[in-house]
Amino acid sequence: MSHLSERPEAPVVGVSMPHESAVLHVTGTALYTDDLVARTKDVLHAYPVQVMKARGRITALRTEPALAVPGVVRVLTGADVPGVNDAGMKHDEPLFPDEVMFHGHAVAWVLGETLEAARLGAAAVEVELEELPSLVTLQDAIAAGSFHGARPVMQTGDVDAGFADSAHVFTGEFQFSDQEHFYLETHAALAHVDEGEQVFVQSSTQHPSETQEIVAHVLGLHSHEVTVQCLRMGGGFGGKEMQPHGFAAVAALGAKLTGRPVRVRLNRTQDLTMSGKRHGFHAEWKIGFDADGRIQALDATLTADGGWSLDLSEPVVARALCHIDNTYWIPNARVAGRIARTNKVSNTAFRGFGGPQGMLVIEDIMGRCAPLLGLDPTELRERNFYRPGHGQSTPYGQPVTQPERIATVWQQVQDNGGISDRKREIAAFNAAHPHTKRALAITGIKFGISFNLTAFNQAGALVLIYKDGSVLINHGGTEMGQGLHTKMLQVAATTLGIGLHKVRLAPTRTDKVPNTSATAASSGADLNGAAVKNACEQLRERLLAVAATQLGSSASDVRIVEGVARTLGSDKELAWDDLVRTAYFQRVQLSAAGFYRTEGLHWDAKTFRGSPFKYFSYGAAAAEVEVDGFTGAYRIRRVDIVHDVGDSLSPMIDIGQVEGGFVQGAGWLTLEDLRWDAGDGPNRGRLLTQAASTYKLPSFSEMPEEFHVTLLENATEEGAVYGSKAVGEPPLMLAFSVREALRQAAAAFGPSGVSVELASPATPEAVYWAIEAARQGDASRNGHAGNGFATNGRAGTGPADGAVRTEAEVLSGA
């Protein structure tokens, strides 16, 4: 076993413990960025001037009326920017735009003594606009040929030969929804300038180093003149990886120009209308199977709705392509990716980062094609798994390591859930209930862990031991409720051989650990844990040398376990506090900077080949649903999950992540339905789902009635910190099982062998129309799996002829 993976005697990692801030969270005493405003003197409040048109060129911007509003101090415009007027890394996101690119685009910011003064000032700013044609829907952009960014193509094998050898060939289209992050804490930043002209920004950001970089170039400063700190976030999910930078820059610019602290904090409606979402996708595909139902070839084009600017759309599409295979070996594939440019908010990172979109395409294909092949969906999936001993590689050329775990978690879920018996019970129930159907579906995941951009796979840490024996950790990862800080405390205590009570963790800030990567891509514990471990190992080696002189032995024979240094084969010991104090008086350095870089990665973005991932995470889920045939309403009766996290660093944290990720995925796939006004009226481009009243989030009522989560045992990951694996993103895709169960339940209302198209999100309305189609048995069986592309861009959300049915007709099943 590698040095990085090996665990010492009596490790603190692997022990279930509560989140390090759990008590603070539930008592309301945890501090978030905006809580610091009350502790800061003379704060000015910033409010955006939003233009409520989808697209237009600004012909006049008059700020004088705002300055006449009592309490307004200043209006920030592009003329005030001393550096670069851009808030993005692609230089396509002007902080103060000359052209409005989406409904609600902020063109200026008003600073007021109170938030109300700033709001009234913003309302007084006069903006004249020359309206321009806009593209609101993904279909509009595709039809207009409106694309931007890279257009990668992933190829393997001989696709044409693969189709020629296929006994069955199906084609189809599939469009599926975007998703709002809806973190509890909206975007927030608080900036001030100290007596040395140092700009200090408190920001709710997953990427403090990049926030620092953007703030610096907007202000025309160097990075060492800007410090960014993140105490914690009230949720992020990827929405605070790129999007916080502009808001932090506005606060910093205001502070620089007024000499007073400036606060930016979006209300919920502003956050929903100004910040990006998960990318919605359109997929067009053709797939070939042999006579036994094994995939022979796949030809697909994936189009992401990027919104008005690139943001992270290019790597999101790249990851979608890299995950379209999911757990299945596809010997011949050609998959193209492209990014549609629309006049909507700039879509961004969201838990899974394109992986869910790519995997959803292949799972939708499998669910739609199984009945056409005369196979049970479970059987079709099993037949196409990557198999050990066959040297199989992904379509982008990376060998699939540990492929046996695909079948292992799959079998364990079936065993744990008593799947065979329950399927018989479901069949009996369905036979006896003509208006209510149940179904059980199993889906698996294979998710690559690491940033696709190799340079991001590095991390730093700074660990300080004080002469009283207490320890302070600084690392580059940010805490958004996912438990990263808890794991880092456990890693440090384990490496140093001391109790957890001896270790404290400092907030993440750029003047302690520089050039950090975003806390994203599920890499937070892998990267920062290895960096913390490296720093602690340096300190431990120094302390072992000191202990050896005190104990009269060789340093190689000394172990520090549970806060006591002992020599092997001897009763002599030295308490940790005494050891540290001795080291101080011997002038031994008691601080260390740790560093880690993930080895073995290589990626060529142009040829779309390489090994971009350190390892794969595996999991399987079985979901049972019950569907009402009159309304399409449904409930999740039971979910069983087996998930691979290697040797867990913190089992309670990891189980919580699996549960939370699953529920968030189920929300995306079944409930959360973002809608924009795509008409030609005055509100064209307006987000219609601007609040929790119109945007349905999963809650307790959507939780499975039975929910069983098991972590895969004996699953040490060689070459990862203490044998663990990432946990943040992969569980989200386990929710595919819910969607596939709904598809099978809808199909149960019709004759056997019908291929059911199901919209995503599979709302009760969408399920109802799927049931209606199944009842009519109208899915074609001539080698076409249906196009799933209704006139309104939402597959299966209405009857095929576009007719509107009355409530009585719907309830009667007419």
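Basis of the calculations
Residues numbered from 1 in each chain as written. Predicted model: local features only at pLDDT ≥ 70, side-chain atom pairs only at ≥ 80, totals over all residues. Heavy atoms only, no water. Pairing = 2+ DSSP bridges. Helix = DSSP H or I, 4+ residues; strand = E, 2+ residues; numbered from the N terminus. Axes fitted to C-alpha atoms, helices over the stretch in contact; angles between N-to-C directions. Contact = heavy atoms within 4.5 Å. pLDDT = per-residue confidence, 0-100. Phe/Tyr/Trp six-rings, centres within 6.5 Å; stacked < 30°, edge-to-face > 60°. Buried < 20%, exposed > 50% of the residue type's maximum accessible area, 1.4 Å probe, protein only. Polar contact = N/O pair within 3.5 Å; in protein donor to acceptor, adjacent residues only side chain to side chain.

Caption draft 1: Structural context of the sheet that holds strand β13 (residues 281-289). If you trace the five strands from one edge of the open sheet to the other, you get β7-β15-β14-β13-β8, paired in mixed fashion. With partners counted over all chains shown, the strands left at the sheet margins are β7 (153-156) and β8 (168-176), one partner each. When strand polarity is set aside, the average angle formed by the axes of neighbouring strands in this sheet is 10°. Where β13 and strand β14 (residues 295-307) come together, nine bridges link them in antiparallel fashion. For I287, the partnering residue across the bridge sits in β14 and is L298.

Caption draft 2: Highlighting the sheet that holds strand β9 (residues 188-193). Across the sheet, eight strands lie side by side as β3-β5-β1-β12-β9-β10-β11-β20; this open sheet has mixed pairing. Since the sheet does not close on itself, it has two edges, and those belong to β3 (72-76) and β20 (508-509), each with one partner. One ladder, built from two bridges, connects strand β11 (residues 226-230) with β20; its direction is antiparallel. Within β20, the position partnered with Q229 by the bridge is R509. Taken strand by strand, helix α6 (residues 208-219) contacts β10 (199-203), β11 and β20, and its axis lies near 145° from that of β11.

Caption draft 3: Region of interest: the confidence of the model for the protein chain. Across the protein chain, pLDDT averages 95, with 95% of residues at or above 70. Confidence drops under pLDDT 50 across residues 786-814; counting only partners more than four residues distant or on other chains, this segment forms 54 contacts.

Caption draft 4: Spatial organisation of the packing of aromatic side chains. For the coordinates displayed, the defined rule picks out 17 aromatic pairs. Each ring, one from F176 and one from F281, has its centre 5.9 Å from the other, and the planes form 10°; the classification is stacked. Taken as a pair, F176 in strand β8 and F281 in strand β13 lie far apart in primary sequence, 105 residues in all. Residue F176 is classed as buried on the basis of its relative accessible area, which comes to 4%.

Caption draft 5: Quick look at the environment of E599. Structurally, the position occupied by E599 is in the loop between β24 (591-597) and β25 (602-604). Within the local environment of E599, its side chain forms a polar contact with the side chain of R597, the two groups lying 3.2 Å apart.

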